[in-house]
Amino acid sequence: MSTFTIPEDASTVQPNVADLNAQQALAYHSVLAFVNSSSAERQNFFFLYGHGGTGKTFLYKALVAHLKELGKVVLVVASSGIAATLLPNASTAHSRFKIPLEIDHTSSCNIRKGTPLAQSIVDAYLIVWDEAPMVHRLSFEAVDRAFCDIMNVPFTGVHYKPFGGKTVLLGGDFRQTLPIVPDSGKEESVDSSLTRSYLWNSCMVLHLSENMRVDSSSANNQLDFHGMNFGRWTLSIGNGTMPARSFKENQPADWVEIPEALLIQTVGSPVQTMATEIYTDFQQRYHNISYLTERSIITPTNRNVTEINAHMLALVPGTGRSYYSSDTLHTDAADSYRIEAEYPTEFLNGLSFNGYPEHNIELKVFTPVMLLRNLNPAIGLCNGTRLMVIYLGHYVIRGIIMGGTFSGKTVAIPRIVLNINDHRWPFVLKRRQFPVRLCYAMTINKSQGQTLQSVGVYLPKPVFSHGQLYVAVSRVRSASGLRLLIINEDGIPSKYTRNIVYQEALADLLDIADVAQVCLVFHNFLF
Ligand SMILES: Nc1ncnc2c1ncn2[C@@H]1O[C@H](COP(=O)(O)OP(=O)(O)OP(=O)(O)O)[C@@H](O)[C@H]1O
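Residues numbered from 1 in each chain as written. Predicted model: local features only at pLDDT ≥ 70, side-chain atom pairs only at ≥ 80, totals over all residues. Heavy atoms only, no water.

Okay, the confidence of the model for the protein chain next. When pLDDT is averaged along the protein chain, the result is 88; 90% of the residues meet or exceed 70. This complex was scored by the predictor with a pTM of 0.86 and an ipTM of 0.99. (pLDDT = per-residue confidence, 0-100.)

Per the counting criterion, the structure on display carries 29 aromatic pairs. Consider the rings of F45 and F163, whose centres lie 5.1 Å apart with planes at 80°: the pair is edge-to-face. Within this pair, whereas F45 is found in strand β1 (residues 45-50), its partner F163 is found in the loop between α6 (137-150) and β5 (168-172), the two being separated by 118 residues in sequence. For F163, a relative accessible area of 1% corresponds to the buried category. (Phe/Tyr/Trp six-rings, centres within 6.5 Å; stacked < 30°, edge-to-face > 60°. Helix = DSSP H or I, 4+ residues; strand = E, 2+ residues; numbered from the N terminus. Buried < 20%, exposed > 50% of the residue type's maximum accessible area, 1.4 Å probe, protein only.)

F47, F97, W129, L170, W233, L482 and L484 are the most contacted members of the largest nonpolar core, which has 69 residues in total. Per-element accounting of this core gives the leading share, six residues, to α6. Two domains each put at least three residues into this core: domain 1 (17-209 + 511-526) and domain 2 (214-317 + 440-501). With near-sequence residues (within four places) excluded, F97 lies in contact with L75, V77, C109, N110, I111, I121, I127, W129, V143 and F147. (Core = buried A, V, L, I, M, F, W, Y, C linked by side-chain atoms within 4.5 Å. Domains from an automatic or database assignment. Contact = heavy atoms within 4.5 Å.)

A few words now on the packing of helix α1 (residues 22-36) against helix α2 (residues 56-69). Running from N to C, α1 and α2 point in directions that differ by 40°, and their axes come no closer than 10 Å. As judged from the angle between their axes, α1 and α2 are oblique. When the axes of α1 and α2 are compared, the crossing they make is right-handed. Side by side, α1 and α2 meet where Q24, A27, Y28, V31 and L32 of the first sit next to F58, L59, A62, L63, H66 and L67 of the second. Residues of the contact of α1 with α2, tallied by class, amount to nine nonpolar, two polar and no charged. (Axes fitted to C-alpha atoms, helices over the stretch in contact; angles between N-to-C directions. Parallel < 35°, antiparallel > 145°, perpendicular 65-115°, else oblique. Left-handed = near helix turned anticlockwise from the far one by under 90°. Nonpolar A, V, L, I, M, F, W, Y, C, P; charged D, E, K, R; others polar.)

On to the sheet that holds strand β21 (residues 454-459). A sheet is described by the order of its strands in space; here four strands give the open sequence β20-β9-β21-β22, paired in parallel fashion. Pairing within the sheet leaves two strands with one partner each, and these edge strands are β20 (441-443) and β22 (482-486). Strand-to-strand twist in this sheet, taken as the mean axis angle between neighbours without regard to direction, amounts to 25°. Its contacts with the sheet put helix α12 (residues 302-315) on β9 (295-299), β20 and β21, and the angle it makes with β20 is roughly 175°. (Pairing = 2+ DSSP bridges.)

Right, dumping it as structure tokens:
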């Protein structure tokens, strides 16, 4: 596939300790010092806390590279597939640690002692887990129970050690999206946060605050965004400190004004305007993998993602290929004949589910697609991996991975059977389909963790959950790469949009400066 120019991707750069800034170096040495310490009081549970772009991923990579060089076993996981593709040899935490999907206060992971997986945990010198705030606290507690069991450490009492004494470095940013708790509100969301777990009491927080993504020397970033530079402006959205107002009585005052310099004024169709703004010169560049890798339109809902993708697909020259799924239902109900008769195949074909492929997928060569399942993390095929399609076969689709540590690799995607268990229906839908969807546009939640050159934030409706606006505006290095298109409920372009920040989710980190100081004291003591 040498005819394609593979984009230079920052995520493939291998950082080492000399590249770290002062805060990163402090965190790096602190973890290593505590890991190496033989003290009974040895700290073994860390949280690397820093807002988007402070170089958490960069730091994990430096740590992992150093320990691998010393021949140590390091397990690297991330809460989402896309975050896993940005780290070396990482997989999702759920697949690696066999965390149950249905989880409660007594759950443990499905890891049996004596198995190779259990042994890899025993052997691990360090366990790194990125984007931790996205996962429900019960998942960490299940991992804690499982590790205690594997390490023969009592789960309660004075001899208890978090994670059975294994050194665990979690990281992420509580300003970004929290765990998705279906049909729930703010309280459940905040309660699901890691900071509400008993584990949090034993955690040492390491703090990064210097934004390495936003290029502070760029003139664009020095522009005045409501009295702030671009980096501070994005952070004030994340912190919820940007002045906000309400437009209706009895509604929270969480509508913020977006600076004119970042706004797109629509002319005609909003989707077309957004597409033209972000996919400039598309007719000449639709097949250029660098061009596709470095840009995306992001929006809160799948409905708008589908609308934009369909618009972009129509602009790609040539005829495409349609792939239809084979859909069957499975039920254990006594009256299964009645259920099968009530939900014929045509009905099943018409069902759409978040995170699953459609019955009918239309693709063309050169279109970007996102993988919807962890097919093989070892070769970069994770839920969230982006690929540019280069071959549309009957049994297989081939594509080139866009971004992440496997950028530029050619891979094959097979059809698989997906079991879709949605509480709205009295059956499990078995859909045999290629687990992909077009990704000229993606949801804000899917974009978390990515660094892009050009991002269009399409808001025909405002965001609906904590951290989404912050994730959306903090994907770029420079203000010049960010454009927002906001439509109000009267269908008119607007400069106001909602910024939902659950202060309760951030409150547990207010004393962070003190914790960082404690870390510094230990660091000075140990060196
Ligand atoms: N010390 C450094 N020197 C040079 N570049 C750096 C350094 N630290 C981070 N970067 C670069 O800054 C950008 C953001 O870093 P990174 O992705 O590690 O941040 P993050 O904290 O993981 O962000 P997010 O929370 O949004 O995932 C990347 O392009 C990375 O290569």
